[in-house]
Amino acid sequence: MTATRLLTLNHRLNVLGLISSALLLYTALSDRPWWTVYGGIGDERTFSADVSPFVVTVEVLGKPVTVPMLFYLNLAARLSVLLAAATTLLGSLLVKRPWSKHLMSLKGLALPVLFLAGLSISLNLAKTFAGVSIPLVGQSVVEFAMNYGGFRISAETPVTAALAQEYWVALTAGVLSALARAIHGRISQLRRATAL
Amino acid sequence: MDKASLIKTITLLLSASALLSPIVYGLSIHGWNLWAMIAPTYNPPKIDFRLEPSGLKLERGRLYLELKVTNAGEVKVVFEGLNAELYSPDGRALASAKLERAVALLPGSTEALALRLEVGEAALKGLASYAFRGLDRIKVEVRGEAALRVFGSRVVAPLSLSYELGLEDFLRQLRAWRP
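Residues numbered from 1 in each chain as written. Chains lettered and ligands numbered in written order. Predicted model: local features only at pLDDT ≥ 70, side-chain atom pairs only at ≥ 80, totals over all residues.

Draft legend 1. Summary view of the overall build of chain B. On a plain count of helices and strands, chain B comes out with four helices and eight strands. Along chain B, from the amino end to the carboxyl end, the secondary structure elements read α-α-β-β-β-β-β-β-α-β-β-α. In terms of overall size, chain B is more extended than a compact globule, its C-alpha atoms giving a radius of gyration of 31 Å where 179 residues would be expected to give roughly 16 Å. The principal-axis extents of the C-alpha atoms in chain B amount to approximately 110 × 30 × 25 Å. In chain B, 63% of the contacts between residues at least 6 apart in sequence involve partners at least 24 apart. (Helix = DSSP H or I, 4+ residues; strand = E, 2+ residues; numbered from the N terminus. Rg over C-alpha atoms; globule rule 2.2 N^0.38 Å. Contact = placed C-beta atoms within 7 Å.)

Below you can see the structure in the form of structure tokens.
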């Protein structure tokens, strides 16, 4: 109860909601990747990918790979998170209104969780169907063979993958928004108890 | 409808439109062609190089087979290693050839690859026998593997080319090499 009072400045503001909406806003407006992967030796990159729900950049042998759908999916994700940030901010400021709980969005938490799940599934599919084993985090060597001009050519590429700082910021924003919503629920309970 | 339900409905509608509007807009721009939306577009750079033998060379007491390599592609290629065997027309191994130092080729450039030759006694006798038969040239097959570095990847590619070896020139080089 004391913690709830403290985190809502005596039921006036949802402080965690304010922090999470600020972090969500930063996350949605940032073009930095959440996950990076590159293959190559030294400065030479056989391929590289900078991936976030808002921007996806893929290059193979120095040339870009473009999928038109990704731009629109990224835009949809950005608008959704901006909306979540806006409604969470509004809900956090209007703690006293009984309907404000419905403004506390959980999309901020769903996005990093779904992002990681989607990435794991995609990497597993790449391993199953293309035989290319790219780690989610860490280093490995990708080996593949191809036929070229009647010859069998084999190639190997060291690969490095990492979750970037931006991902952890987004996850923090998500966890805070879930806590903010829980606090909102607690305030509603207290309000109902007081009314009875 | 109470305020809570109204707020719930409005946020739901806004969430759905934020999620779906860009996708519907994208589909309309691409003429409702889903395939055009999901199909990746990629124009890979051309990777192509040509190898041709250019002759024998004696340098600091060592015999080398020189190959002229031209990078006709769009990316830098580094020859890091090359191991090959030279075979006579009747399939006899004449010499082993090895690249001693890496050679980098920028797009459009031509460089010489010097392969150090190791010629055995049996091969020498075989070559001499061709000369005694009055042949002045024989067709030599060069078969092996080339280790390349292309755009940060190590690539191993088989190598196969043929070469008209001038016996007189070769034996003269050998005499100089083994006085």
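Let's pick the thread back up.
Draft legend 2. Main features of the nonpolar core. Residues and elements named next belong to chain A. Judged by nonpolar contacts, the single largest core of 34 residues is most densely connected at L24, W34, V81 and A170. When residues of this core are assigned to their parent elements, the largest contribution, eight residues, is made by helix α5 (residues 165-195). Here V81 is in contact with L24, T27, A28, K107, G108 and L111, once residues within four sequence places are set aside. (Core = buried A, V, L, I, M, F, W, Y, C linked by C-beta atoms within 7 Å. Buried ≥ 20, exposed ≤ 12 C-beta atoms within 10 Å, placed from the backbone.)

Draft legend 3. Here's a closer look at the interface of chain B and chain A. Of the residues lining the interface, 33 residues belong to chain B; the matching set on chain A comes to 35 residues. Listed by contribution, the elements that provide at least two residues to the side of chain B that touches chain A are α1 (3-29), α2 (34-38) and β8 (153-166) of chain B. A per-element tally of the side of chain B that touches chain A places α1(B) first, with 13 residues. Here the residues of the side of chain B that touches chain A sort into 21 nonpolar, eight polar and four charged. (Nonpolar A, V, L, I, M, F, W, Y, C, P; charged D, E, K, R; others polar.)

Draft legend 4. Quick look at the pairing of strand β7 (residues 137-150) of chain B. Residues and elements named next belong to chain B. Sheet topology note: the strand β3 (residues 77-87)/β7 ladder contains ten bridges and is antiparallel. Looking across to β7, one finds that A84 is bridged to G144. In this structure, β7 lies alongside β8, joined through 14 bridges in antiparallel fashion. Bridging from a neighbouring strand, E141 pairs with S162 of β8. Here β7 folds back onto β8 in antiparallel fashion, the turn holding two residues, of which F151 has a positive phi close to 50°. (Pairing = 2+ DSSP bridges.)

Draft legend 5. Geometry of the pairing of strand β2 (residues 47-51) of chain A. Residues and elements named next belong to chain A. As defined by bridge partners, strand β1 (residues 35-39) adjoins β2 across five bridges and the pair is classed as antiparallel. Bridge assignment links T36 to a residue of β2, and that residue is D50. Across five bridges, β2 lies against strand β3 (residues 56-60) in antiparallel orientation. Within the sheet, the bridge partner assigned to V51 lies in β3 and is V56.

Draft legend 6. Examining the packing of helix α3 (residues 68-93) of chain A against helix α4 (residues 107-130) of chain A more closely. Residue and element names in this part refer to chain A. Close contact between α3 and α4 brings their axes to 9 Å; oriented N to C, the two are set at 145°. Between α3 and α4, the contacting residues are A77, S80, V81 and A84 on the first element and K107, G108 and L111 on the second. Grouping the constituent residues of the contact of α3 with α4 by class yields four nonpolar, two polar and one charged. (Axes fitted to C-alpha atoms, helices over the stretch in contact; angles between N-to-C directions.)

Draft legend 7. Inspection of α4(A) at higher detail. All names here are of chain A. A rise of 1.5 Å per residue sets the reference length of α4, with its 24 residues, at 34 Å; its end C-alpha atoms lie 32 Å apart and thus fit the reference within 8%. The complete set of buried residues in α4 reads K107, G108, L109, L111, P112 and F115. Note on α4: the residue one or two positions beyond its end, G131, has a positive phi of about 70°. (Expected span 1.5 Å × (residues − 1).)

Draft legend 8. Here's a closer look at unusual backbone geometry. All names here are of chain B. At W32, a position not held by glycine, the phi torsion is positive, near 60°. Following the sequence through the fold, W32 ends up in the loop between α1 and α2. Notably, F151 is not glycine yet its phi reads approximately 50°, a positive angle. Along the polypeptide, F151 turns up in the loop between β7 and β8.

Draft legend 9. Broad picture of the domain arrangement of chain B. Taken as a whole, chain B is organised into domain 1 (3-38) and domain 2 (49-177). When each unit is reduced to the centre of its C-alpha atoms, the spacing between domain 1 of chain B and domain 2 of chain B is 63 Å. (Domains from an automatic or database assignment.)

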